[in-house]
Amino acid sequence: MIRHVVLFTWSPDADADRRAATVAALRDLRTRVGGMTSLVVTEDAGLRDGNADAVLLAEFPDAEAFLRYADDPVHLAVIAEHVRPILAARSAVQYRV
């Protein structure tokens, strides 16, 4: 199994509505793209300064499923239309579970 973890930090001008719409679009990837066995997208609880603003945690049965997801046009459109316009920083890792 492959676990994919992405941390997002939004730009200071990203308003609450835009952030919520982006999180909703990311959550919808499970039904629109598929291939994953689980998906969690949530905003930071705000307990510590300096944290990222949101996290995406997805699990895939194998590397091939992750790569299909990564290159899927719907996934790429969500990134282009929702994530990049409000993104200040992103960090990601994929690892075998």
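This is a predicted model, so every value here is computed, not measured.

Rules of the game
Residues numbered from 1 in each chain as written. Predicted model: local features only at pLDDT ≥ 70, side-chain atom pairs only at ≥ 80, totals over all residues. Heavy atoms only, no water. Helix = DSSP H or I, 4+ residues; strand = E, 2+ residues; numbered from the N terminus. Buried < 20%, exposed > 50% of the residue type's maximum accessible area, 1.4 Å probe, protein only. Phe/Tyr/Trp six-rings, centres within 6.5 Å; stacked < 30°, edge-to-face > 60°. Polar contact = N/O pair within 3.5 Å; in protein donor to acceptor, adjacent residues only side chain to side chain.

Peer 1: Quick question: what am I supposed to make of the environment of Ala-24 here?
Peer 2: Positionally, Ala-24 belongs in helix α1 (residues 16-27). Given a relative accessible area of 43%, Ala-24 falls into the partly exposed group. With 63 residues separating them along the chain, Ala-24 and Leu-87 place their C-alpha atoms 15 Å apart.

Peer 1: How should the packing of aromatic side chains be read in this particular structure?
Peer 2: Any pair of aromatic rings gets described here by the distance separating the centres and the angle formed by the planes. Evaluation of the coordinates by the stated rule reveals 4 aromatic pairs. Relative to Tyr-69, the ring of Phe-60 has its centre 5.0 Å away and its plane inclined at 45°; by these criteria the two rings are tilted. Looking at Phe-60, the relative accessible area reads 0%, which means it is buried. Ring centres 6.3 Å apart and planes at 45° place the aromatic pair Phe-66 and Tyr-69 in the tilted group. Pair noted here: Phe-66 and Tyr-69 are both in helix α3 (residues 63-71), with a separation of 3 residues, about one helical turn. Note on Phe-66: relative accessible area 12%, which makes it buried. Site record: aromatic cluster; members linked through ring pairs are Phe-60, Phe-66 and Tyr-69.

Peer 1: Honestly, the side chain of Ser-11 in this entry has me stumped. Any pointers?
Peer 2: With respect to the helices and strands, Ser-11 occurs in the loop between β1 (2-10) and α1. At 2.6 Å, the side chain of Ser-11 and the side chain of Asp-13 are in polar contact.

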